[in-house]
Amino acid sequence: MINEKRLLNEANSYFLNKEYDKALFLYSQLSSLFPLKREYKVYAIFCDIASEDEQKALTLYDYFSAASLEDMEAAISYVEEVVNAYDGDIDKMMEMLKDITETGVDSLDAIKYDDFKKLVDSRGSFRVAFEDIMFSTKVAIESKEDFFDFVSKLIDNGFNTTAYSYLDGFNEYFTYDKEIEELYKKLEEKKIANNHK
């Protein structure tokens, strides 16, 4: 008998290790073995996106992993909308971006962390605010304290892959910093907890 959870964990490990061909093979297997579980097709799509835009695929994966714990159907629908927009459906893409501009975030490449915190307040949650900007805008971190606060909140809200990206990207600036080590430890604990769900 096939151990579905083990197979999914293995596929996810391949994906996070950027071995997209192996991950795609396992997601496809899961998809054919469990055709009613639409999430396996979604994971396979992330592998496809990774061949064109790895960062977008990792961010989508991160969002989906966190959001699916709360509401699988809503997470699948959201990802399908993003993928359709990504595939060139300009109307859909504009509709999705409308929400962002209504919250006062211009279509800039970066938003200052203080402005992002205001967005969090206006949207009512870190997760919602981050979802609003995660595909169009980067968060510009100007202090060490803001960096640690931001990465910690990414971890708390299930955006683990994005948190790893920020930590790995800034690691050279804060080498051997105790707080960096704590954040890596927090990520590992979260990863272990998620694997045992």
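Residues numbered from 1 in each chain as written. Predicted model: local features only at pLDDT ≥ 70, side-chain atom pairs only at ≥ 80, totals over all residues. Heavy atoms only, no water.

For the chain, the name recorded in an unreviewed UniProt entry is Histidine kinase, with Malaciobacter canalis as its organism.

Visitor: Would you explain unusual backbone geometry in this entry?
Guide: With glycine set apart, most residues show a phi of negative sign, and most peptide bonds adopt trans. With a phi angle near 65 degrees, Lys18 is a residue other than glycine that sits in the positive phi range. In this fold, Lys18 is placed in the loop between helix 1 (4-16) and helix 2 (20-33). Since its relative accessible area comes to 45%, Lys18 is described here as partly exposed. (Helix = DSSP H or I, 4+ residues; strand = E, 2+ residues; numbered from the N terminus. Buried < 20%, exposed > 50% of the residue type's maximum accessible area, 1.4 Å probe, protein only.)

Visitor: In this structure, what is going on with the side chain of Thr162? I would like to understand it.
Guide: With respect to the helices and strands, Thr162 occurs in helix 10 (residues 160-170). Thr162 sits in the buried class, given a relative accessible area of 8%. Setting aside anything within four residues of it in sequence, one finds Thr162 in contact with Asp62, Phe130 and Leu154. (Contact = heavy atoms within 4.5 Å.)

Visitor: I would appreciate a short explanation of the nonpolar core in the present structure.
Guide: Most often, soluble globular proteins have nonpolar side chains that are buried together. Counting residues in hydrophobic clusters, the biggest one holds 55 residues, and the most contacted among them are Phe15, Tyr27, Phe46, Phe116, Phe130, Val139 and Phe150. At eight residues, the largest contribution of residues to this core is made by helix 3 (residues 39-50). Sequence-distant contacts of Phe116, that is, excluding residues within four places in its chain, are made with Ile111, Phe126, Ala129, Phe130, Ile133, Val139 and Phe150. (Core = buried A, V, L, I, M, F, W, Y, C linked by side-chain atoms within 4.5 Å.)

Visitor: Would you mind going over the environment of Gly158 with me for this structure?
Guide: The topology assignment puts Gly158 in the loop between helix 9 (144-156) and helix 10. Taking the C-alpha atoms as reference, Gly158 lies 9.5 Å from Phe64; in sequence the two are 94 residues apart. Setting aside its immediate chain neighbours within four residues, Gly158 contacts Asp62, Ala66 and Lys190.

Visitor: Help me understand helix 8 (residues 126-133), please; the structure alone is not making it clear to me.
Guide: Because an α-helix completes one turn every 3.6 residues, residues spaced three or four positions apart along the sequence face the same direction. Where burial is concerned, most of helix 8 is hidden: seven out of the eight residues are buried. Restricting attention to buried positions, one finds in helix 8 the residues Phe126, Arg127, Ala129, Phe130, Glu131, Asp132 and Ile133.

Visitor: When you look at the confidence of the model for the chain in this model, what are you seeing that I'm missing?
Guide: Close inspection of predicted coordinates is inappropriate for parts of the model with low pLDDT. The predicted model of the chain averages 79 in pLDDT, with 80% of residues at 70 or higher. Summarising per-element confidence for the chain, the mean pLDDT is lowest in helix 6 (residues 90-102) (45) and highest in helix 3 (90). In the predicted structure, residues 96-108 sits below a pLDDT of 50 and forms 19 contacts with residues beyond four places in sequence or in another chain. (pLDDT = per-residue confidence, 0-100.)

Visitor: I keep staring at helix 9 and nothing clicks. Help me out?
Guide: Look at helix 9: 18 Å from first C-alpha to last across 13 residues, which is about the 18 Å you get at 1.5 Å a residue. Two residues or fewer past helix 9, Gly158 is found with a positive phi of approximately 85 degrees. (Expected span 1.5 Å × (residues − 1).)

Visitor: Got a minute to help me understand the pattern of salt bridges in this structure?
Guide: Where charged atoms from two side chains of opposite charge approach closely, those side chains can pair. Inspection of every chain in the model, using the stated rule, returns twelve salt bridges. Two residues, Lys117 and Asp114, come together in a salt bridge whose shortest N-O distance is 3.8 Å. In this pair, Lys117 and Asp114 both sit in helix 7 (residues 113-123), three residues apart, roughly one turn of the helix. We classify Lys117 as partly exposed; its relative accessible area is 31%. The closest approach of N and O atoms between Lys186 and Asp156, which form a salt bridge, is 2.8 Å. (Salt bridge = Lys/Arg side-chain N within 4 Å of Asp/Glu carboxyl O.)

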